[in-house]
Amino acid sequence: MDVTGAGARGRVLLAAGGTGGHMFPAQALAEELLARGWAVTLSTDARGARFTEGFPATVRVETVSSASPGRGGAVMRAVAPLRIGAGIAAAVLRMALRPPAVVVGFGGYPSVPALVAAWIMRRPRMIHEQNAVPGRVNRALACRVERVACGLALAQPLPGAVVADIGNPVRAEVRARAGAPYIPPGDYPLSLLVIGGSQGARLFTDVVPEAVARLPADLRGRLRVAHQARGEDAGRAAAAYEAAGVPAEVEPFFTDIARRLSEAQLVISRAGASSIADIAAIGRPAILIPFAAAAGDHQTANARVLAEADAAVTIAESALDAGVLSAQMAALLQGPDVAGAMAERAARFGRPDAVVALADLVESLARGAQ
């Protein structure tokens, strides 16, 4: 039954925002639902809208009023509840006019208006939690949705929630390269991929180029680097690589991350859930450096899942310097057997079909509401 008049199957409303960590799994689900004949609307804020370029053109994007009570100065924190309240009111009105078949929240305060409106309007609703430590919004709303789909094993319970372990969805471009053969490092050109994430990326610009410069000369001479750096740091990173004699592409964002992952002999990354899911889906050895200021230290919990399976190396920020990182890089880039085994274990950990399970769960909720 089409409850929305929006295509053969109906309409699913996805609510996400803030960072790519929330938006990328939403994009993956949008791609899968569109392929199954659903219409898809994305509800996000202005910050999240920066990540919508990769979404299929047929996804309708609605910008909502939202804010984080923990961000900004005293005035911004004081008005945050008012902005969230305005967003909820607008979402209720939209939902009354065009009721979605299902609402799926991916975390972050921009998901609050749609999920609360769905609870008020008694629409089927669920949450996808990407991290091992649930975020504030998902913890608060977990008992008010029918399902909580988890990307990683939860380090702490969600009281009152009905939990389904399905993995973290990866985008179609990543799924297309899932399990791509790994070429272990050897006596030929080597590729290093550095993905810093949207938070805490400056540390990578401070440390990684210097660590590369400390590598043995013969190894450094075969290395090429693709480094994702904030715009204000890109020039400094590029200059550091040039001084080390290492060819490097330094950009604020790589739109072809799946290709770069598949070609890499080694990845240096933060431990965001989406980054880990991409690395594992394709199966590449990685050095993970959790962002120490992440809420609830969730990146350390995320990284621990791979590290305990010997599918990645983890270095805490408190222990990180150029010497430590360079030694770990050299061990993997000069150890083809070690790197190859790590790539194999990472691939076993990957769940490239998580998006299929998530879409199946969405459709089961839609059927239950008919």
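A quick note: this is a predicted structure, and the numbers were derived from the prediction, not measured. (Residues numbered from 1 in each chain as written. Predicted model: local features only at pLDDT ≥ 70, side-chain atom pairs only at ≥ 80, totals over all residues. Heavy atoms only, no water.)

Concerning the overall build of the protein
Per the secondary structure count, the protein includes 14 helices and 13 strands. Taken against the 2.2 N^0.38 rule, which gives 21 Å for 370 residues, the C-alpha radius of gyration of the protein at 21 Å falls within 12% of a compact globule. Counting only C-alpha atoms and orienting by the principal axes, one finds that the protein spans roughly 65 × 45 × 35 Å. For the protein, buried positions account for 54% of its 370 residues. Sequence-distant contacts, at least 24 apart, represent 66% of the contacts inside the protein between residues at least 6 apart. Within the structure as shown, the protein displays about 14,800 Å² of accessible surface, and the carbon and sulfur contribution to it stands at 55%. Distance between charge centroids for the protein: 8 Å, based on 37 positive and 32 negative side chains. (Helix = DSSP H or I, 4+ residues; strand = E, 2+ residues; numbered from the N terminus. Rg over C-alpha atoms; globule rule 2.2 N^0.38 Å. Buried < 20%, exposed > 50% of the residue type's maximum accessible area, 1.4 Å probe, protein only. Contact = heavy atoms within 4.5 Å. Areas by Shrake-Rupley, 256 points an atom, 1.4 Å probe, with all protein chains shown as cover. Lys, Arg positive; Asp, Glu negative; His and termini not counted. Charge placed at Lys NZ, Arg CZ, Asp CG, Glu CD.)

Notes on the pairing of strand β1 (residues 11-15)
Each regular strand carries side chains that alternate between the two faces of the sheet. With respect to burial, β1 is a largely interior element, five of its five residues being buried. Residue alternation in β1 divides its side chains into two sets, Arg 11, Leu 13 and Ala 15 and Val 12 and Leu 14, and both sets are buried. Across five bridges, the pairing between β1 and strand β2 (residues 39-44) is parallel. What sits directly across from Leu 14, in β2, is Leu 42. Here four bridges tie β1 to strand β4 (residues 102-105), and the two strands are oriented parallel to one another. Across the sheet, Leu 13 pairs through a bridge with Val 103, a residue of β4. (Pairing = 2+ DSSP bridges.)

Some remarks on the pairing of strand β8 (residues 190-195)
Within β8, six of the six residues are buried, which leaves it mostly tucked inside the rest of the structure. The sheet contact formed by β8 and strand β9 (residues 223-228) spans six bridges and is parallel. Following the sheet pairing, Val 194 is matched in β9 by His 227. When β8 meets strand β11 (residues 266-269), the two strands line up parallel, connected through four bridges. Residue pairing for β11: Leu 192 is matched across the bridge by Leu 266.

Considerations on the confidence of the model for the protein
Summing up the model confidence of the protein, the mean pLDDT is 90 and the portion of residues at 70 or higher is 92%. Low pLDDT, under 50, characterises residues 1-5; the stretch is placed with 14 contacts to residues that sit more than four places away or in other chains. (pLDDT = per-residue confidence, 0-100.)

Regarding the side chain of Thr 41
Along the polypeptide, Thr 41 turns up in strand β2. Setting aside its immediate chain neighbours within four residues, Thr 41 contacts Arg 11, Val 12, Leu 13, Leu 14, Val 59, Arg 60, Glu 62 and Arg 98.

Looking at the sheet that holds β9
The strand order across the open sheet formed by six strands is β10-β9-β8-β11-β12-β13, and the pairing between neighbours is parallel. What marks the edges here is a single partner per strand, and that holds for β10 (248-251) and β13 (313-314). The strands that helix α8 (residues 231-243) touches are β8, β9 and β10; relative to β10, the one it contacts most, it runs at about 170°. (Axes fitted to C-alpha atoms, helices over the stretch in contact; angles between N-to-C directions.)

Structural notes on the sheet that holds strand β3 (residues 60-63)
By definition, the strands of a sheet pair up through backbone hydrogen bonds, in either a parallel or an antiparallel sense. One open sheet holds the seven strands; their spatial order is β3-β2-β1-β4-β5-β6-β7, and the pairing between them is parallel. Edge positions in the open sheet fall to β3 and β7 (163-165), since each of these has one partner strand only. Between one strand and the next, the sheet's axes are offset by a mean angle of 25°, whatever the strand orientation. In the sheet, β2 pairs with β3 via four bridges, with the strands oriented parallel. Its bridge partner being in β3, Ser 43 is matched across the sheet by Glu 62. Most of the contacts of helix α1 (residues 20-35) go to β2, to which it runs at about 165°, and overall it touches β1, β2 and β4.

Things to note about the packing of aromatic side chains
Scanning all chains against the criterion turns up one aromatic pair. Judged by centre distance (6.4 Å) and plane angle (35°), the ring pair of Phe 24 and Phe 253 falls under tilted. Taken as a pair, Phe 24 in helix α1 and Phe 253 in the loop between β10 and α9 (257-263) lie far apart in primary sequence, 229 residues in all. In this structure Phe 253 comes out as partly exposed when scored by relative accessible area, which is 44%. (Phe/Tyr/Trp six-rings, centres within 6.5 Å; stacked < 30°, edge-to-face > 60°.)

Some words on the state of the cysteines
If you walk through the whole model with that rule in mind, you get zero disulfides. Lacking any disulfide linkage, Cys 143 is separated from the closest cysteine sulfur, that of Cys 150, by 14 Å. The exposure class assigned to Cys 143 is partly exposed, which follows from its relative accessible area of 46%. Cys 150 sits in the buried class, given a relative accessible area of 3%. (Disulfide = S-S within 2.5 Å.)

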